[in-house]
Amino acid sequence: MTEAITENLTKVPQHVAIIMDGNGRWAQQRGKTRVAGHKSGVESVRSSVSTAIKQGVKALTLFAFSSENWQRPEQEVSVLMDLFMFVLTREVKKLHKNGVRFQVIGDTSRFSDNLQKKIKVSEDLTANNEGMVLSIAANYGGRWDIANAAKVLAEKVSNNTMSVDEISEETLHQYTCLANLPELDLLIRTGGDFRISNFLLWQAAYAEFYFTETLWPDFDEQAFITAIGCFDQRERRFGQTGEQIKT
Ligand code: IPE
Ligand code: IPE
Ligand code: MG
């Protein structure tokens, strides 16, 4: 009961993003292959989705595969792709039942035709859902995202549907990924590193950062609630003074 009351008092971030890092080390610590770590990480994905829904988060964005991750050993990349396909096949119906709108952000054109089709079918199935929005970042890079938005604006200028003077933070923002979602409030990184690894560069401008040593497969419901609790303690000033925020 006390716990429920404390939870209710918590200011819940509307949009949370997570850099799900540490699968490889988790596995190596147990004498297993890196791939076993990725497989165990799937359970944390499931748990973070259900925790986010329970806590009233409106948008959850998970970094699953970066544009730099192609540089990993071919076999690891191939297992990650198979795992993505497997999880989509198994979980999307459940997401749909829970009213989740699912989307993938990133350059999906480099994925196999089968995976691209699966992504499209999953997005279409859940497109009209009004519950939490789950975005999976796959072959995503923050620089790619910004460059892509710049390209759209450049095209508009070159075909005279936009003037150069109309290029602004707001118009560029419209063409970045996640533009139609609430602003990113909380960015979590598991696995103990303190870096953004080319994740949501544009979107993280005023996000609160939360770094934890916990490796992704160990990031359970309680760990997520702890991160949300920590967010609740932060004073977000957005350039103003602490005194201004209080009044
Ligand atoms: C994160 O875990 C998963 C992906 C990047 C796909 P890692 O595989 O990076 O795990 P560590 O950082 O090597 O432990
Ligand atoms: C970031 O993790 C990408 C994902 C979690 C998908 P990495 O493990 O690839 O990050 P770096 O390369 O160590 O910064
Ligand atoms: Mg890593």
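Our subject in this report is the structure included herewith. Within every chain, residues take consecutive numbers counted from 1 along the sequence as written. Lettering of chains starts at A and numbering of ligands starts at 1, both following the order in which they are written. The predicted nature of this model means local features are confined to residues of pLDDT at least 70 and side-chain atom pairs, given and counted, to a pLDDT of 80 or more, with totals for whole chains, interfaces and linings taken over all residues. Water and hydrogen atoms play no part in the side-chain values, which are based on all heavy atoms of the structure.

**Points about the site of ligand 2**
(1) Moving on: By convention in this text, a residue qualifies as near a molecule or strand provided that one of its non-hydrogen atoms is within 4 Å of it. The environment of ligand 2 is formed by Ile19, Met20, Asp21, Phe63, Ala64, Phe65, Asn69, Arg72, Arg189, Arg195 and Ser197.
(2) Moving on: What qualifies as a polar contact is a pair of N or O atoms within 3.5 Å, subject to a donor-acceptor requirement within protein and to the restriction that residues adjacent in sequence count only when both atoms come from side chains. Within the contact set of ligand 2, an oxygen atom lies 2.9 Å away from a side-chain nitrogen or oxygen of Asn69.
(3) Moving on: Within the contact set of ligand 2, an oxygen atom lies 3.1 Å away from a side-chain nitrogen or oxygen of Arg72.
(4) Moving on: Computed by Shrake-Rupley with a 1.4 Å probe, the accessible areas treat only the displayed protein chains as cover when residues are assessed. Contact with the protein chains removes 78% of the 390 Å² of surface that ligand 2 exposes when unbound.
(5) Moving on: Tallied by class, residues from the shell around ligand 2 come to five nonpolar, two polar and four charged. Side-chain classes follow a simple rule in which Ala, Val, Leu, Ile, Met, Phe, Trp, Tyr, Cys and Pro form the nonpolar group, Asp, Glu, Lys and Arg form the charged group, and the remainder, Gly included, forms the polar group.

**Some remarks on the site of ligand 1**
(1) Moving on: Taken together, Met20, Asp21, Gly22, Asn23, Gly24, Arg25, Arg34, His38, Ala64, Asn69, Arg72 and Leu80 make up all the residues around ligand 1.
(2) Moving on: Taking Arg25, its side chain carries an N or O atom lying 2.7 Å from an oxygen atom of ligand 1.
(3) Moving on: For ligand 1, an oxygen atom lies 2.7 Å from a polar atom in the side chain of Arg72.
(4) Moving on: Considering ligand 1 on its own, with 380 Å² of exposed area, one finds that the protein chains cover 87% of that surface.
(5) Moving on: Looking at the shell around ligand 1, the elements that each hand over two or more residues are α2 (23–29) and α3 (34–55).
(6) Moving on: When residues of the shell around ligand 1 are assigned to their parent elements, the largest contribution, three residues, is made by α2.
(7) Moving on: Broken down by class, the residue content of the shell around ligand 1 amounts to three nonpolar, five polar and four charged. Runs of E in the DSSP output that reach at least two residues are strands. Runs of H or I that reach at least four are helices, and both are numbered from the N terminus.

**A word on the pairing of strand β1 (residues 15–19)**
(1) Moving on: Counting buried positions over the five residues of β1 gives five, a clear majority of the element.
(2) Moving on: Relative accessibility thresholds used throughout: buried, under 20% of the residue-type maximum; exposed, over 50%; partly exposed, between the two (1.4 Å probe, protein chains only). Burial of β1 is two-sided: the residues His15, Ala17 and Ile19 facing one way and the residues Val16 and Ile18 facing the other way are all buried.
(3) Moving on: By definition, two strands form a pair when at least two bridges between them are found by DSSP. With five bridges connecting them, β1 and strand β2 (residues 59–66) associate as parallel partners. Among the inter-strand pairings, Ala17 is bridged to a residue of β2, identified as Thr61.
(4) Moving on: Examined bridge by bridge, β1 and strand β5 (residues 186–189) share four bridges and lie parallel to one another. Residue pairing across strands places Ala17 opposite Leu187, the latter belonging to β5.

**A few points about the packing of α3 against helix α4 (residues 74–97)**
(1) Moving on: The N-to-C vectors of α3 and α4 enclose an angle of 25°; their axes lie 11 Å apart at closest approach. Of the possible angle classes, the one that applies to α3 and α4 is roughly parallel. With respect to the hand of their crossing, α3 and α4 are arranged in right-handed fashion. From α3, Arg34, Val35, His38, Lys39, Val42, Arg46 and Val49 reach across to α4, where they touch Gln75, Glu76, Val79, Leu80, Leu83, Val87, Arg90, Glu91, Lys94 and Leu95.
(2) Moving on: Of the residues assigned to the contact of α3 with α4, the class counts are eight nonpolar, two polar and seven charged. Axis lines are fitted through C-alpha atoms, for helices just across the contact stretch, and the angle between N-to-C directions can take any value from 0 to 180 degrees. Roughly parallel here means an angle under 35 degrees, roughly antiparallel means over 145, roughly perpendicular means 65 to 115, and every remaining angle is called oblique. In this scheme the handedness of a crossing depends on how the near helix is turned from the far one: anticlockwise by less than a right angle means left-handed, clockwise means right-handed. Every residue pair with non-hydrogen atoms within 4.5 Å of one another is taken to be in contact.

**Description of the sheet that holds β1**
(1) Moving on: Reading across from one edge, β3-β4-β2-β1-β5-β6 is the order of the six strands in this open sheet, with parallel pairing throughout. Here the strands that pair on one side only, and so sit at the sheet edges, are β3 (101–105) and β6 (208–211). Mean inter-strand twist for the sheet, computed between neighbouring axes without regard to direction, equals 20°.
(2) Moving on: Inspection of the sheet shows β5 paired to β6 by four bridges, in the parallel sense.

**Topic: the packing of aromatic side chains**
(1) Moving on: Two rings from Phe, Tyr or Trp (for Trp, the six-membered ring) form a pair when their centres sit within 6.5 Å of each other. Planes less than 30 degrees apart are called stacked, planes more than 60 degrees apart edge-to-face, and all others tilted. Across all of its chains, the model carries 12 aromatic pairs by this definition.
(2) Moving on: Aromatic side chains Trp216 and Phe219 sit 5.4 Å apart centroid to centroid with 20° between the ring planes, which places their arrangement in the stacked category.
(3) Moving on: Here a set of aromatic residues connected by ring pairs shows up, and it is made of Phe63, Tyr140, Trp144 and Phe199.
(4) Moving on: The cationic tip of Lys11 hangs over the ring face of Phe231; the distance from NZ or CZ to the ring centre is 5.4 Å. In this scheme, the term charge over a ring applies when either NZ of a lysine or CZ of an arginine sits within 6 Å of the ring centre and within 35 degrees of the ring normal.

**A short note on the environment of Leu95**
(1) Moving on: Looking at the secondary structure, you find Leu95 in helix α4.
(2) Moving on: In the structure, Leu95 is positioned 31 residues away from Thr126 in sequence and 8.0 Å away in space, judged by C-alpha atoms.
(3) Moving on: Once residues lying within four places of it in the same chain are set aside, the contact partners of Leu95 are Val49, Val100, Phe102 and Leu134.

**Considerations on the nonpolar core**
(1) Moving on: Judged by nonpolar contacts, the single largest core of 37 residues is most densely connected at Val16, Ile18, Leu60, Phe84, Leu134, Ile188 and Phe224.
(2) Moving on: Take this core: its biggest share by element is seven residues, from α4.
(3) Moving on: In contact with Phe84, other than residues within four places in its own chain, are Val104, Leu115, Ile119, Ile136 and Ala138.
(4) Moving on: Think of a nonpolar core as a cluster: buried Ala, Val, Leu, Ile, Met, Phe, Trp, Tyr and Cys residues, connected wherever their side-chain atoms sit within 4.5 Å. Residues Ala17, Leu181, Leu187 and Leu200 belong to the second largest nonpolar core, which totals 17 residues.

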